[in-house]
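# Inside the fold
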Amino acid sequence: MIQAPKGTFDVLPEDAARRELLEGHAKKILGAAGYRRIETPTFEATELFARGVGEATDIVQKEMYTFDDGGGRSLTLRPEGTAPICRAYIEHGMHKLPQPVKLWYLGSYYRAEAPQKGRYRQFWQVGAEVVGSATPETDAELIVLLADLLEAAGVTRTRLRLSSLGTPETRAEYRSELVAYLRAHESLLSDEVASRIELNPLRAFDATDPGTRGVMHGAPKLLDRLAADDADHFAAVRALLDDAGVAYELDPTLVRGLDYYTRTVFEFSSDALGAQSGVGGGGRYDRLIEQLDGPPTPASGWAAGIERILLASAQPPPAAELVDLFVALAKPDGARAAFELSREARRAGLQAQQELGGRSLKGQLRHADRIGARYVAIVGDGVSGGDGLVSLKNMESGEQRETTAGEVIPTILRGRRL
Ligand code: AMP
């Protein structure tokens, strides 16, 4: 038996309703702030992620689905959405549009990670990006919008961690300081951290082993080394969040798994989730567009995982859609009339279904009951189509009466208004 690949899942019809609802919340909340939808391809040139996400990151080193397209080009299933959006911004000359350009997206992403609850190899993200603004208001707006989305989605027990990474220059200086510090304490570090001191010293803050954690406790913190204008920017973001009543914890060790961040970084998590508690996060990436050969353009954004939001949400699935009408066949010669009647009913805005299962009349009525149909129109008893006679049964009251096909839709519409 062929099964869905490891780390992937089917979105079954019963799962789709909550996803649609969530998409509706995103559209409403982001649309109200002037964000417009964008969708980029599910695969891109591998180089985009190598350059955009960072060679030293776990994503690029271990987690990309990379393949040759048969023509000697290396393509990669997108592991994240920001680099593709920057690519699109540059490719379509969006710097000529009024700035900033505010975009949102919702689609599937791919990372070859070890699957566990809340961590998949194909997952969905909703994201928002503001390209072309350097202001702290942009960062605060983005954070508030994600907070609003998580609240609308019913995500419980959320926490927001916030930090600033400064500029690449500050980071470079800080990095040297941190590398020297890690070297001085190398014997206490885990082998993995010790072997990556040069490659990615910041990741030492992510380590879980007691030895490394002990060392990191006393490590220099980037937040204490910010340049004056970066510190001002960060203070302004915090003041705006304070005004908005959005609670956050300052976390100077917040390290995100992507290299492109500058200044503000943040992450929402939910204590309703297990080990994979990150719900969504992001930050400012002022150098990324330039790094991808675009004009120097400041930008900021976030992405949140659809599956994690749904896992952390206490909201029940929305009620199933009402079936207004089920068109049953008393005799097979009513098939054309039934086909026509159900089509007319849908055109009139009703949710209408026709018998497709070849059941007996009794079986059809049982089926109509099971799908929760409000009315059943029985056609086929001497009905030749057009405005022939129909038996219309109100499934709630059980009342059944003879009428014409032309009367079925008005009767149901009248009943609907009550
Ligand atoms: P990131 O792009 O790594 O910052 O991830 C943003 C959000 O996407 C995370 O907070 C998760 O909610 C979600 N996410 C990331 N990786 C996965 C994954 N492998 N499976 C499910 N959700 C994920």
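About the criteria used
Residues numbered from 1 in each chain as written. Predicted model: local features only at pLDDT ≥ 70, side-chain atom pairs only at ≥ 80, totals over all residues. Heavy atoms only, no water. Helix = DSSP H or I, 4+ residues; strand = E, 2+ residues; numbered from the N terminus. Rg over C-alpha atoms; globule rule 2.2 N^0.38 Å. Buried < 20%, exposed > 50% of the residue type's maximum accessible area, 1.4 Å probe, protein only. Contact = heavy atoms within 4.5 Å. Areas by Shrake-Rupley, 256 points an atom, 1.4 Å probe, with all protein chains shown as cover. Lys, Arg positive; Asp, Glu negative; His and termini not counted. Charge placed at Lys NZ, Arg CZ, Asp CG, Glu CD. Pairing = 2+ DSSP bridges. Salt bridge = Lys/Arg side-chain N within 4 Å of Asp/Glu carboxyl O. Axes fitted to C-alpha atoms, helices over the stretch in contact; angles between N-to-C directions. Core = buried A, V, L, I, M, F, W, Y, C linked by side-chain atoms within 4.5 Å.

This part takes up the overall build of the protein chain. Counting its regular elements, the protein chain contains 14 helices and 16 strands. Its C-alpha radius of gyration of 28 Å places the protein chain more than 25% over the 22 Å reference for a compact globule of 418 residues. Dimensions of the protein chain, computed from C-alpha atoms along their principal axes, come out at roughly 95 × 50 × 45 Å. Of all 418 residues assigned to the protein chain, the portion counted as buried reaches 49%. In the protein chain, the share of contacts with a sequence separation of at least 24, taken over all contacts with a separation of at least 6, comes to 70%. For the protein chain, the exposed surface amounts to about 20,500 Å²; the carbon and sulfur share of it is 51%. Averaging the coordinates of the 50 positive side-chain charges in the protein chain and doing the same for the 59 negative ones gives two points 5 Å apart.

Here the focus is the pairing of strand β6 (residues 122–131). In terms of burial, β6 is largely enclosed, as eight of its 10 residues are buried. Bridge analysis of strand β5 (residues 101–110) against β6 gives 10 bridges, and the strand direction is antiparallel. Across the sheet, Tyr105 pairs through a bridge with Gly127, a residue of β6. Examined bridge by bridge, β6 and strand β11 (residues 299–305) share seven bridges and lie antiparallel to one another. If you follow Val131 over to β11, its bridge partner there is Ala299.

Glancing now at the pattern of salt bridges. Once their charged atoms are close, side chains differing in charge can pair, the charge on each being opposite to the other. Counted by the stated rule, this structure contains 28 salt bridges. Notably, a salt bridge pairs Glu91 with Arg87, separated by 2.9 Å at the nearest N-O pair. Here Arg87 and Glu91 lie together in helix α4 (residues 82–91), a separation of four residues that amounts to about one turn.

Moving on, we get to the sheet that holds strand β12 (residues 323–329). The strand order across the open sheet formed by five strands is β13-β12-β14-β15-β16, and the pairing between neighbours is mixed. The open sheet is flanked by β13 (352–354) and β16 (400–404), the only strands paired with a single partner. When the angles between neighbouring strand axes are averaged without regard to direction, this sheet yields 25°. Two elements, β12 and strand β14 (residues 373–379), share six bridges in a ladder whose sense is parallel. Counterpart to Ala328 in the pairing with β14 is Ile378. Along the sheet, helix α13 (residues 361–370) contacts β12 and β14; its crossing angle with β12, the most-contacted strand, is approximately 170°.

Grouped together as the largest cluster of nonpolar side chains are 86 residues, with contacts concentrated most on Tyr35, Val126, Trp302 and Ile309. Element by element, the count of residues in this core is highest for helix α5 (residues 136–152), at eight residues. Those residues in contact with Tyr35 that lie beyond four places of it in its chain are Leu30, Lys102, Leu103, Trp104, Ala128, Glu129, Val130, Glu141, Leu142 and Leu145. If you look at the next biggest cluster of nonpolar residues, it comprises 17 residues, including Leu341, Ala352, Leu392 and Ala405.

A word on the sheet that holds strand β4 (residues 74–77). The strand order across the open sheet built from three strands is β2-β4-β3, with neighbouring strands paired in antiparallel fashion. Two strands lie at the open edges of the sheet, namely β2 (43–45) and β3 (66–68), each paired on one side alone. Across the sheet, the mean angle separating the axes of adjacent strands is 35° when strand polarity is ignored. Note: β3 against β4, three bridges, orientation antiparallel. By the bridge assignment for β4, Phe67 is matched with Leu75.

Looking along the chain, the bond that leaves Gln99 and enters Pro100 is cis, with omega of -5°. Within the element layout of this structure, Pro100 appears in the loop between α4 and β5. Of note, Asp293 is a non-glycine position whose phi angle comes to about 70°, a positive value. On the secondary structure map, Asp293 appears in the loop between α10 (288–291) and β11.

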